[in-house]
Amino acid sequence: MQTALKIDKLTKDYTIDFFGTKKKRALDELSLEVYEGEVFGFLGANGAGKTTTIKILMGLIYPTSGTAEILGRPISDISSRRDIGFLPESPYFYDYLTATEFLTYCGNLFRIEKSLLRGRIKELLRLVGLEQAADIQLRKFSKGMLQRIGIAQALINDPKMVFMDEPMSGLDPIGRREVRDIIISLRDRGKTIFFSTHILSDVEVLCDRVAILKQGKLAGCGRLSDLQQQSDTTMEVVAHNVDKEAVEKLGELAVSIRQTASGVNIRIRSEAELERVIQAVHQHKGGIVSVYPVKTLLEDFFIKGEKQSEDGVCGHPNSGS
Amino acid sequence: MMNPVLVIALNTFRESVRDKVLYNLLLFVLLLIAASLLVAELSLNQEQIVIARMGLSAMLFFGVLIAIFIGIGLVYKEIDKRTVYTILAKPLCRYEFILGKFFGLSLTLLVNCSVMLVALLAALSVLAYRRYANQAFGYINFGVLPAGLLIYLELLMVVAIALLFSSFSTPVLSTVFSVLFYIIGSLSQDLLVFARSIRLVPAKYLLIGLYYVLPNFSNFNYINIVAHDFHFVSGRKILFATVYALLYICMLLVLTSVVFQKRNFK
Ligand SMILES: Nc1ncnc2c1ncn2[C@@H]1O[C@H](COP(=O)(O)OP(=O)(O)OP(=O)(O)O)[C@@H](O)[C@H]1O
Ligand SMILES: [Mg+2]
């Protein structure tokens, strides 16, 4: 497989005070590879260093040390940008331009031929659902609309590789679904997509591989299915009409147990315990509302990461939730 | 297919138009009309002197305001609103961005100054015609044209100065620095005279050095001469001022590009 992105020991120290004596390491020797045609999820909690990484890759900030190559060319080589699309985090654009004008401006920066550009703009506005807003000034756009126009401008040059910093943020459920569909259709057309997020379900639906960033360091990287096989699938059982006594008994079986509006939420480690939980509920004249598997892997990484940073001990995967 | 510098320049021009920068022209024209009505009592020569001087001074004043205030926003606003992220991730060099911004505002000022000059000439012509009817042509002060050109060059230098400051400093500081630079630059002839009169050698050379480093706007100020002598500025002076301005602007743009190239956009 061809490498589309190769990051090698990328490190970034931000200077915090004026004189540059105090520093904060936002990125610590990050190395990873993304292959052509992949949808790659770049995960991390707030402040993990996702945006920092992407900004370095786009040449907006300079790394303290380390190198990176995009499509076989070093990031300092601006010619590689011809084949790259970029959606910044919570993007903001020239508010005095209309959607069409803005996309024309972006297309002109790529020196795209006029007639070709006109067609592509129409197509992209349709893709992101902004046909109606084509001639509206961006100052009148809502947050979700800005996100959409941001996606459109990232695709204006029909890029081979697209970088998106939290593409789903600011979007309603319909918008999220649409962005997922866009990403999937891009992958189907052979594009490589690298996107950051802290929303696990997006990753589970979309990604071939993921990297998980924890306080600037790589905490894990690999194929989603492989990573998931390594961990047990936990299950979640929702039961109602469960009395106190039953809750106590269930507590012995479960990893965690929690009262909710619809009943009790019982988490168990594996299918093996399912039978006993159901029995226990029925014994106490309760009813089962639902049973479903929960893939906890990604959540584990998040929670473990946070626990480690707090007290240096691995927390229990399901405590907290 | 346009060069990225041109693409950015045209967009910058469009921005200033949509931000209604050119509305200052209305004010200028109103000012001219009012002044023309008021000078009706004066003799012809004075009429032309007063209007030419007022017109050119207003052109310089409005121009400097635009050059400094819009000039500082050129880069600062893009960084502040993070629009720069999208643009600099496209295939263009950072210096091209700076050049585009500079030429964009230069274009705005060109339109601004041209319209003002045309309006000024129209006012002067009307005044001359009112007295001399068909012989009016010989009495129109066409000296305002070269004087206007020099003012335009001066404004371009101010833009380049504002651009430099705003590429690394906050808007408030940039404004203060730019205004300070402009004032000192306008008085630089006095600075030289003052420097030469000083006995203390280090201070003397420091000030003389400053004189050469700071922009010398007196090369461009022919407002009084043109208004009074009713004459053209000599070709040699125009040439000298042009070369001086271009060199100074190039130097500032290179410096700005270097500073901008090194920046991390946070
Ligand atoms: N300009 C800056 N100056 C100093 N520190 C910074 C700067 N930008 C980011 N940081 C720090 O670097 C770390 C990583 O920030 P970054 O924005 O990359 O996180 P992120 O993973 O994108 O987070 P989020 O999910 O909130 O967008 C954070 O601790 C942040 O405080
Ligand atoms: Mg971020």
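That block above? That's the structure.
Below you will find a few notes about this structure. Please read these numbers as outputs of a predicted model, since none were measured by experiment.

## Considering the site of ligand 1
All names here are of chain A. Lining the immediate surroundings of ligand 1 are 15 residues, of which Lys24, Lys50, Thr51, Thr52 and Glu89 lie closest. The backbone of Gly49 places a nitrogen or oxygen atom 2.9 Å from an oxygen atom of ligand 1. Between Glu166 and ligand 1, the recorded distance is 3.2 Å, taken from a side-chain N or O atom to an oxygen atom. In the complex, 73% of the free accessible area of ligand 1, which totals 640 Å², lies under the protein chains. The set of elements that each furnish at least two residues to the shell around ligand 1 consists of strand S2 (23-35) and helix H1 (50-57). Sorting elements by how many residues they give to the shell around ligand 1 places H1 first, with 3 residues. When its residues are assigned to classes, the shell around ligand 1 shows 4 nonpolar, 6 polar and 5 charged.

## Structural notes on the sheet that holds strand S9 (residues 209-214) of chain A
All names here are of chain A. A sheet is described by the order of its strands in space; here 6 strands give the open sequence S6-S7-S8-S3-S9-S10, paired in mixed fashion. The open sheet has two edge strands, strand S6 (84-87) and strand S10 (217-223), and neither has a second partner. In this sheet, neighbouring strand axes are inclined to one another by 15 degrees on average, regardless of whether the strands run parallel or antiparallel. Each of S6 and strand S7 (161-165) touches helix H4 (residues 143-154); the most contacted strand, S6, lies at about 165 degrees to it.

## Some thoughts on the coordination of the magnesium ion (ligand 2)
All names here are of chain A. Coordination of the magnesium ion (ligand 2) by the protein comes from Thr51 (OG1) and Glu89 (OE), over a distance range of 1.9 to 2.5 Å. With a gap of 38 residues between them, Thr51 in helix H1 and Glu89 in the loop between S6 and helix H2 (99-109) connect regions that are remote in the sequence. Overall, the relative accessible area of 28% leaves Glu89 in the partly exposed class.

## Examining the interface of chain A and chain B
Taken together, the 34 residues of chain A in the interface contact 31 residues of chain B. Of the roughly 3,100 Å² buried at the junction of chain A and chain B (both faces included), carbon and sulfur atoms supply 57%. Contact with chain B buries area across many residues of chain A, yet Leu60, Tyr96 and Leu109 of chain A alone supply 22% of it, more than any other trio. Where chain A touches chain B, the interface holds 3 salt bridges. The residue Arg14 of chain B makes a salt bridge to Glu101 of chain A at a minimum N-O spacing of 3.8 Å. Remark: the boundary between chain A and chain B carries 18 residue pairs in polar contact (both at pLDDT 80 or more). Of all elements in the fold, only strand S1 (3-15) and H2 of chain A reach the threshold of two or more residues within the side of chain A that touches chain B. For the side of chain A that touches chain B, the residue count by class is 19 nonpolar, 6 polar and 9 charged.

Conventions we followed
- Residues numbered from 1 in each chain as written.
- Chains lettered and ligands numbered in written order.
- Predicted model: local features only at pLDDT ≥ 70, side-chain atom pairs only at ≥ 80, totals over all residues.
- Heavy atoms only, no water.
- Near = heavy atom within 4 Å.
- Polar contact = N/O pair within 3.5 Å; in protein donor to acceptor, adjacent residues only side chain to side chain.
- Areas by Shrake-Rupley, 256 points an atom, 1.4 Å probe, with all protein chains shown as cover.
- Helix = DSSP H or I, 4+ residues; strand = E, 2+ residues; numbered from the N terminus.
- Nonpolar A, V, L, I, M, F, W, Y, C, P; charged D, E, K, R; others polar.
- Pairing = 2+ DSSP bridges.
- Axes fitted to C-alpha atoms, helices over the stretch in contact; angles between N-to-C directions.
- Contact = heavy atoms within 4.5 Å.
- Donors = N, O, S within 2.8 Å, 3.2 Å for Na, K, Ca; no water.
- Buried < 20%, exposed > 50% of the residue type's maximum accessible area, 1.4 Å probe, protein only.
- Buried area = accessible area lost by both parts, 1.4 Å probe.
- Salt bridge = Lys/Arg side-chain N within 4 Å of Asp/Glu carboxyl O.

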